[in-house]
Structures are given as C-alpha cells and as structure tokens.
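Summary of structural features
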Amino acid sequence: MTALTLSTSSAAALRADAVVVGVAKGAKGPEVAPGAEAVDKAYGGKLAATLETLGASGGEGEVTKLPAPAGVKAPVVLAVGLGEPPADGEVYAAEALRKAAGAAARSLSGSKKAVFALPVADAASAEAVAQGALLGAYTYTAYQAKSNGKTPLAEVALVGAKPRDKAYKAAADRAIALADEVNRARDLINMPPNDLHPQEFATVVQAAAKEHGLKVEVLDEKALAKGGYGGILGVGKGSANPPRLVKLSYKTPKAKKHLAFVGKGITYDSGGISLKPAGHNETMKCDMSGAAAVFAAVVAAAKLGLEVNVTGWLALAENMPSGTATRPGDVLRMYSGKTVEVLNTDAEGRLVLADAITRASEEKPDAIVDVATLTGAMVLALGNHIFGIMANDDGFRTAVHDIATEAGEQSWPMPLPVELRKAMDSPTADIANMGERMGGGLAAGLFLKEFVGEGIPWAHLDIAGPAFNESGPFGYTPKGGTGSAVRTLVRLAEKAADGDVL
Ligand code: BES
Ligand code: MN
Ligand code: ZN
C-alpha cells in the first residue's frame, strides 16, 4: 500500500526518486501549473519551453519525464498533463487533478518515493491529488513473482498542502480512507474465483469487521434454507461452494438516518445451465463487484466515523452448471414469498439481490441502494465508463446521480418503464426472471423494484460496464477491478449524515 505524507518542504529540496509537476494545455502551448514554481526556477524559468521542445502539450493523461536540473534533489522531473487550465481565479477541477496524479503515480511504479508538486491551493484540491495518486499507484501482484517489478510507488509526499491546517489534515485522512477502501474492493474483484468463493468472501468480511469494530452476521446454506431464501439458494445450488448472505453493520449513537447497501456477490458467473459461451466468461470473476463495493463502503463509513448507520448486505453465490443446478423452467420461492420462474439461469443477479433487498427492507432503512454488475444491456447502453442509475423515486435518483458526479464517478439516470413488466409475466409463477431483450437493463431494474419494501426510497446502480477495466489503465483507473461505486456510496453516506439527502 502506498503511504501518503503532507510536507512543508520545497519540492526542490526533498530527497526522492522523482518530482511530479503539472503542465496545462495553454492557448499558446504548455504552461507550468501552480505548485511547480521552485522546480521551474531551477530550470531557469524554462520548464514550459523545455516541455514544448519535447513535444508535450499539457493534454490530459500526458506524461513526460525529464532529467532534473541542479537545485532539484530528485533526479527526475515528471510533468503530467492537466488539460486546459481553469478560468482566472478558479482552481483545477478535482477530477482533472485525480486523473493527473493517478497517471503520474502509475508511471512511477517501482519507485520508492515521489514528491507531488501539483496545484493544491485548497484542501479539496489536495484531497483530489492525494486520492488520485493513491488510486493510480494501485497494482495487483498477489499471484505474480516479486521479480516482475510491478511494485506500486511506495511513498507520495504532497507539497504545497498545509499539514497543520485542519482542513488539509482532514482532506488527507479522507483521501487515504477512500483510496484504501476502493483498493480493498479492487483486490477482491481481482482475486481469482478459485480462491474467492462465497465462503472465503464471508471470512474476509468477518476479519475486517473484527478489525474495524463492525457487527457481522453470516447466513450459511443451512440458515438460508431455514430462512427461506429461495433466490440465493436457487442460484448457489449448482455449485460445490455454497452461498452466503452477509450482513455487515456500522452503527453509531449519533445517527439520525439508516442506509442499507445491497451488493451482488456472484463470485463467478458461468451462466449456470444457460451457460455463457467462451468469450463471455473470462472476466466473470468480476460479478461480485457490487458486493465488494458495498463491503468497502461500510468499512469506509466506519473509518471516517460518519454519523449515519449503514448496513451492508452481501448476496454471495457461485453460479455454476451441474446436476444440482437450477434449470431453466424451475420455479423458486423467494424470501419475500413471491414465486419466480427461472427462464434463464444467467439472469441470476436479480435473484440473489431480490432476497437481500427484501431482507434489507425488513429493517425499514431510510433508503436502499443496490450495486450490481447486473446486465450486458447496460454495458451496450452506457459503455464501459458509466453506470446506470434506476430508482423508485425520481428525486432520489437525481440525488444519487449528483452525488456520484461529485464523487468523481460517471453515471446516468435510466428509466423503469412499466411497459416492460408484461414480458416478465409467467404462466406458472408470479414473475419470470427475464423479459424481452430490448431494454434488458431496465427490465432487470423493474424486477428488483418488486422486492423493495413499501415506501422505502430505492436506487439500483448497474455497474456492469465500469466495474472491470478490460483495456489498458487510464488516469487513476487500473486494468481489472476498478472499485466502481465505492466513492458514490461513501459520499451518499456522508450526505445522509449531514442531513443533505433523504
Ligand atoms: N453478470 C452478468 C452481466 C454482466 C455482463 C456483467 C457483462 C459484466 C459484464 C449477468 O448475470 C448476466 O449474465 N446477465 C444477462 C441477463 C440476461 C440473461 C437476461 C445478460 O445481461 O445477458
Ligand atoms: Mn449471469
Ligand atoms: Zn451475473
């Protein structure tokens, strides 16, 4: 894990492997961003000109390494593009800072220490730089030989921030807590599915609960059968690795509100008897990304001591085909009592979530938010960078969308058109687990909506697109598990604690 320190030293005076400076895409060529004054001075004021000679433009994500001049202790200066500079009197957008710091940290993997001399005129900017650096430095090497050199940048020293200023101190603490929890989710998502079955996932949650003073309850397959959790059991019964429902609670006496977060935790989605073809199952270890996000968000709420109660519900199962697997045509009796005809065993996420949402509703929380890699249709609709938000309340959906944007996560509101419900009518059960193909992401949302308790505001985040990055890393986003939705959930909890939402 990368360490973060706030330093009062000059960027030029610190002993490190590299100094990171910002370069903006000015109207007349690259411009050195605030924070890099001491470094620019050591170049005789010619840093911008030198960068231009090297072909740098200051565009977002651009990384240029150059030898440091005399007067700078570190041997390398790394100039990272920030895109267009802000208007006069304004600061850089937080997301531009996060992306730049992330790209810089990533290209410094293998190094011990880097000084970040990016523009941090206020605490929010410092938080963005810190968060971007800690997220961008992330690498997943648990299953690789140490010798491959992919060790993350070990230490980030942030200059320009005021370590004794309360606001900066809080910003650094929040950046560390959030980045550590996003990275916790990433680790779980990246873990191979032969080592992370529902049982191991539950054990990981129990250990974290112990460490952070959280209450945890695990329902194993026997308890699930006794409780009548037909959805979770129906999905898990084809696997040699039985399902679990994990309840993780963070409680504080100061809370005025209670949030329930529900995560889809399919540790591997083969499709079941409706088996996925090759080409569609290679990344399906990521199908527990929702549960990972919920787990991480509850721990973050505890670390930050938020004045809101948060209950996380992790619906964990492995979706496998076998002689004991649920067949297309089977009818399940759900925890709610409703019956579901399983037409396609690959539409399993909604089955495990439905049980968890019904269970979460029993505690009458002020809102329920579920997070799930639920449908390929949502990936077709919104692509790989944006998650869809559906809700039973327009105001709450808008609030969650705004909160996601504020947290630096791209999302978009999606409708729940009642017209799609008819295609889920079943001749044998109360509802089928699949409707028409068109608008499949919305049909999944409509299905879930029927399991939400009366009068409870509910939002559904379909993160199937952004949860797992199959292409190259960018900004502060690595290849593989991204930790999508963690920051949105935490920001929502913060807002609920402050009475600014619900
Ligand atoms: N886990 C998948 C959805 C998914 C697709 C996640 C791509 C991440 C990337 C989900 O369980 C699934 O298989 N959904 C089906 C539903 C269909 C059978 C109604 C789908 O989207 O094809
Ligand atoms: Mn599936
Ligand atoms: Zn799935």
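Predicted model, so just to flag it, every value in this text is computed and none were measured.

Parameters at a glance
Residues numbered from 1 in each chain as written. Chains lettered and ligands numbered in written order. Predicted model: local features only at pLDDT ≥ 70, side-chain atom pairs only at ≥ 80, totals over all residues. Heavy atoms only, no water. Helix = DSSP H or I, 4+ residues; strand = E, 2+ residues; numbered from the N terminus. Buried < 20%, exposed > 50% of the residue type's maximum accessible area, 1.4 Å probe, protein only. Contact = heavy atoms within 4.5 Å. Donors = N, O, S within 2.8 Å, 3.2 Å for Na, K, Ca; no water. Tetrahedral: all angles 85-135°; square planar, octahedral: opposite > 155°, others 65-115°. Core = buried A, V, L, I, M, F, W, Y, C linked by side-chain atoms within 4.5 Å. Domains from an automatic or database assignment. Phe/Tyr/Trp six-rings, centres within 6.5 Å; stacked < 30°, edge-to-face > 60°. Lys NZ or Arg CZ within 6 Å of the ring centre and 35° of its normal. Expected span 1.5 Å × (residues − 1). Pairing = 2+ DSSP bridges. Axes fitted to C-alpha atoms, helices over the stretch in contact; angles between N-to-C directions. Near = heavy atom within 4 Å. Polar contact = N/O pair within 3.5 Å; in protein donor to acceptor, adjacent residues only side chain to side chain. Areas by Shrake-Rupley, 256 points an atom, 1.4 Å probe, with all protein chains shown as cover. Nonpolar A, V, L, I, M, F, W, Y, C, P; charged D, E, K, R; others polar. Parallel < 35°, antiparallel > 145°, perpendicular 65-115°, else oblique. Left-handed = near helix turned anticlockwise from the far one by under 90°.

**Describing the side chain of Thr 283**
Counting through the fold element by element, Thr 283 comes out in the loop between strand S10 (258–269) and helix H9 (289–303). With a relative accessible area of 18%, Thr 283 lands in the buried category. Here Thr 283 is in contact with Phe 468 and Glu 470, once residues within four sequence places are set aside.

**Description of the coordination of the zinc ion (ligand 3)**
Protein coordination at the zinc ion (ligand 3) comes from Lys 264 (NZ), Asp 269 (OD), Asp 287 (OD) and Glu 348 (OE), with a distance range of 2.0 to 2.4 Å. Taken together, the 6 donor atoms coordinating the zinc ion (ligand 3) span angles of 79 to 174° at the metal, a pattern that classifies the geometry as octahedral. All donor residues of the zinc ion (ligand 3) come from one chain, and their arrangement in sequence is K-x4-D-x17-D-x60-E. For Asp 287, a relative accessible area of 2% corresponds to the buried category. In this structure Glu 348 comes out as buried when scored by relative accessible area, which is 1%.

**What about the nonpolar core?**
Core analysis: the largest hydrophobic core is formed by 99 residues, its most contacted members being Phe 116, Phe 201, Phe 261, Phe 295, Leu 314 and Leu 461. The leading source of residues in this core is H9, at 12 residues. No fewer than three residues from each of domain 1 (3–159) and domain 2 (184–498) sit in this core. Core analysis: the second largest hydrophobic core is formed by 43 residues, Ile 232, Trp 313, Ala 356 and Met 414 among them.

**What about the packing of aromatic side chains?**
What the rule picks out here adds up to 4 aromatic pairs. Ring centres of Phe 201 and Phe 295 lie 6.4 Å apart, and the angle between their planes is 55°; this geometry places the pair in the tilted category. In this pair, Phe 201 sits in helix H6 (residues 198–212) while Phe 295 sits in helix H9, placing the two residues 94 residues apart along the sequence. With respect to class, Phe 201 is no different from Phe 295; both count as buried. A centroid spacing of 4.1 Å and a plane angle of 10° characterise the contact between Tyr 229 and Tyr 335, whose relative ring orientation is stacked. With Tyr 229 in the loop between helix H7 (221–227) and helix H8 (230–236) and Tyr 335 in the loop between strand S12 (331–333) and strand S13 (339–341), this residue pair connects regions lying 106 residues apart in the sequence. Here Arg 186 stacks its cationic end above the ring of Tyr 138, 5.3 Å away from the centre of that ring. The ring of Phe 451 carries the charged tip of Lys 338 above its face, separated from the ring centre by 5.8 Å.

**Describing helix H13 (residues 440–449)**
Of all 10 residues in H13, 9 are buried; the element is thus mostly enclosed. All of the buried residues in H13 are Gly 440, Gly 441, Leu 442, Ala 443, Ala 444, Gly 445, Leu 446, Phe 447 and Leu 448.

**Topic: helix H3 (residues 94–107)**
In a regular helix each residue adds 1.5 Å, so 14 residues correspond to 20 Å; H3 covers 20 Å between its end C-alpha atoms and thus fits that length. When we look at burial in H3, the residues that qualify are Ala 96, Leu 97, Arg 98, Ala 100, Ala 101, Gly 102, Ala 103, Ala 104 and Ala 105.

**Quick notes on the sheet that holds strand S9 (residues 244–250)**
In space, the 8 strands of this open sheet follow the order S8-S9-S11-S10-S14-S18-S15-S16, with mixed pairing throughout. Strands at the two margins of the open sheet, each flanked by one partner only, are strand S8 (215–219) and strand S16 (411–413). Averaged over all pairs of adjacent strands, the angle between their axes in this sheet comes to 20°, without regard to strand direction. One ladder, built from 5 bridges, connects S8 with S9; its direction is antiparallel. For Val 218, the partnering residue across the bridge sits in S9 and is Val 246. Where helix H12 (residues 394–407) meets the sheet, its contacts fall on strand S14 (367–372), strand S15 (387–391), S16 and strand S18 (458–462), and the angle it forms with S15 comes to roughly 155°.

**What to know about the site of ligand 1**
Around ligand 1, the structure places 16 residues, and the nearest of them are Lys 276, Asp 287, Asp 346, Glu 348 and Gly 376. Asp 287 is positioned with one of its side-chain polar atoms (N or O) 2.8 Å from a nitrogen atom of ligand 1. The backbone of Gly 376 places a nitrogen or oxygen atom 2.7 Å from an oxygen atom of ligand 1. Notes on ligand 1: free accessible area 520 Å², of which the protein chains cover 77%. For the shell around ligand 1, the residue count by class is 5 nonpolar, 4 polar and 7 charged.

**As for the packing of H9 against helix H14 (residues 486–497)**
Describing two packed helices takes the angle between their axes plus the distance from one axis to the other. Contact geometry for H9 and H14: axes closest at 9 Å, N-to-C directions at 40°. In terms of their interaxial angle, H9 and H14 are classed as oblique. Pair H9 / H14 crosses with right-handed handedness. On H14, the residues that touch Ala 293, Val 294, Ala 296, Ala 297 and Ala 300 of H9 are Val 486, Leu 489 and Val 490. Class assignment of the residues belonging to the contact of H9 with H14 gives a composition of 8 nonpolar, no polar and no charged.

**A word on unusual backbone geometry**
Of note, the phi angle at Ala 485 is positive, near 85°, even though the residue is not glycine. By relative accessible area, Ala 485 is classed as buried at 0%. If you check the backbone angles, Leu 502 has positive phi at about 70° while not being a glycine. What makes Leu 502 partly exposed here is its relative accessible area of 37%.

**Observations regarding the packing of helix H10 (residues 349–361) against H13**
The interhelical angle for the contact between H10 and H13, taken along N-to-C directions, is 30°, at an axis separation of 9 Å. By the angle class used here, H10 and H13 are roughly parallel. Where H10 crosses over H13, the handedness of that crossing is right-handed. Contacts between H10 and H13 pair Arg 350, Leu 351, Leu 353, Ala 354 and Ile 357 from the former with Ala 444, Phe 447 and Leu 448 from the latter. In terms of residue class, the contact of H10 with H13 is built from 7 nonpolar, no polar and 1 charged.

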